[in-house]
Each structure stands twice: as structure tokens, then as C-alpha cells.
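An overview of the molecular structure
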Amino acid sequence: MSSNGPGKSHATLRYTSMRVSIFLGCLLVALLLGHFQVIPVSGEAGVIFLFLLAAIASAPLSYALLSKQRDEMSAQISGKVTGIRSRTADRIAAQNAEEDAADDAARAATAGQN
């Protein structure tokens, strides 16, 4: 497992799957309302309207219901970004040290020849 613990190793996947589930639930409700003529639906435009209605309804539900999962996902992503930045900074520092050592050796060799 990752260093974030076993419960947080797939935070992005868990958040995304829950978000899709909420959308599909809203879509099911919208389709049922359309089927029973609670919402008037006619043709392809009506079906597109039901999809848009489900998207609009699922957005605030996801925002309210998935705040914990969103925070876990954010922490996981920021931890990975911090790790990448740290490894990059370490690699750059090591390369700079190698270049400095090579420059010092070249200067010493030049000074020894003079």
C-alpha cells in the first residue's frame, strides 16, 4: 500500500466512482420522471434535457455528499506532487554538485598547468 495508508490509496478512483454513481442515480430519477410524464419529454431533445437535468442535479449533491472523499483525493494528489517536486529538486542538486565538482577539477587542472 502507499504511504497514505490502505484507506486512501485509491482516493481518486473512489471519488470518481461515487461521483458517477450519483450522476447515474440522478439520471435514473430523471428518466423515470420522464417516463411517467412528470417531466414532459419529446424526442431526442427531451432525452438530452434529462441528461442535462441529471448533471445539474448531481453537481450540488456531489459537492455536499463527497466533501470527505474530495479532501482525501486532494491530499493524495498534493502528496504525490510534493514527492515529485522533492525528487526533482534532489536530482537537480545532485547534478549541480557533479557539475561543480567537474568545474573545480578543471580549474585545479588549469591552475596546475600554469
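Coordinates for the structure precede this section.
Description of the structure in this document. Computed from a predicted structure; not experimentally measured.

Some points on helix α2 (residues 43–65)
With 23 residues, α2 should reach 33 Å at 1.5 Å per residue; the first-to-last C-alpha distance of 33 Å fits that figure. If you check which residues of α2 are buried, you get G46, L50, A54, S58 and S62. On the buried face of α2, the contacting elements are α1 (11–35) and α3 (67–113).

Overview of the packing of α1 against α3
The contact between α1 and α3 brings their axes to 8 Å, and the two run at 145°. Both α1 and α3 take part in a crossing whose hand is left-handed. Between α1 and α3, the contacting residues are A11, T12, R14, Y15 and M18 on the first element and Q69, R70, E72, M73, Q76 and I77 on the second. Of the residues contributing to the contact of α1 with α3, the split by class is five nonpolar, three polar and three charged.

Points about the pattern of salt bridges
This model, assessed by the stated rule, comprises two salt bridges. Across the pair R14 and E72 runs a salt bridge, and its minimum N-O distance is 3.3 Å. With R14 in helix α1 and E72 in helix α3, this residue pair connects regions lying 58 residues apart in the sequence. Close ionic contact of D104 with R107 constitutes a salt bridge, the shortest N to O distance being 3.9 Å. Of the two residues, D104 and R107 are both situated in helix α3; the distance of three residues between them amounts to about one turn of the helix.

Side note on the nonpolar core
A11, Y15, I22, C26, L27, A54, L66 and M73 form the largest nonpolar core, which has eight residues in total. Top contributing element to this core by residue count: α1, with five residues. Dropping the residues within four chain positions of it, Y15 is found in contact with L66, Q69, R70 and M73.

A word on the packing of α1 against α2
When two helices pack together, their arrangement is given by the angle between the helix axes and by the axis-to-axis distance. At their nearest, the axes of α1 and α2 sit 8 Å apart, and the two run at 140° to each other. Put simply, α1 runs oblique to α2. Of the two possible hands of crossing, α1 and α2 adopt the one that is right-handed. On α2, the residues that touch R19, I22, F23, C26, L27, A30, L31 and G34 of α1 are L50, F51, L53, A54, A55, A57, S58, A59, L61, S62 and L65. Along the lines of polarity and charge, the residues of the contact of α1 with α2 split into 15 nonpolar, three polar and one charged.

Description of unusual backbone geometry
The phi dihedral of Q37 falls on the positive side, at around 60°, and the residue is not glycine. Owing to a relative accessible area of 54%, Q37 belongs among the exposed residues under this scheme.

Here we look at a nonpolar patch on the surface
There is a patch of nonpolar side chains on the surface, built from L28, V29, L32, L33, F36 and V38 and spanning about 570 Å² of accessible area. Turning to its location among the elements, L32 is positioned in helix α1.

How each quantity is defined
- Residues numbered from 1 in each chain as written.
- Predicted model: local features only at pLDDT ≥ 70, side-chain atom pairs only at ≥ 80, totals over all residues.
- Heavy atoms only, no water.
- Helix = DSSP H or I, 4+ residues; strand = E, 2+ residues; numbered from the N terminus.
- Expected span 1.5 Å × (residues − 1).
- Buried < 20%, exposed > 50% of the residue type's maximum accessible area, 1.4 Å probe, protein only.
- Contact = heavy atoms within 4.5 Å.
- Axes fitted to C-alpha atoms, helices over the stretch in contact; angles between N-to-C directions.
- Left-handed = near helix turned anticlockwise from the far one by under 90°.
- Nonpolar A, V, L, I, M, F, W, Y, C, P; charged D, E, K, R; others polar.
- Salt bridge = Lys/Arg side-chain N within 4 Å of Asp/Glu carboxyl O.
- Core = buried A, V, L, I, M, F, W, Y, C linked by side-chain atoms within 4.5 Å.
- Parallel < 35°, antiparallel > 145°, perpendicular 65-115°, else oblique.
- Patch = residues over 30% accessible without salt bridge, like charges linked within 9 Å, V, L, I, M, F, W, Y side chains within 5 Å.
- Areas by Shrake-Rupley, 256 points an atom, 1.4 Å probe, with all protein chains shown as cover.

Structural measurements only, silent on function.
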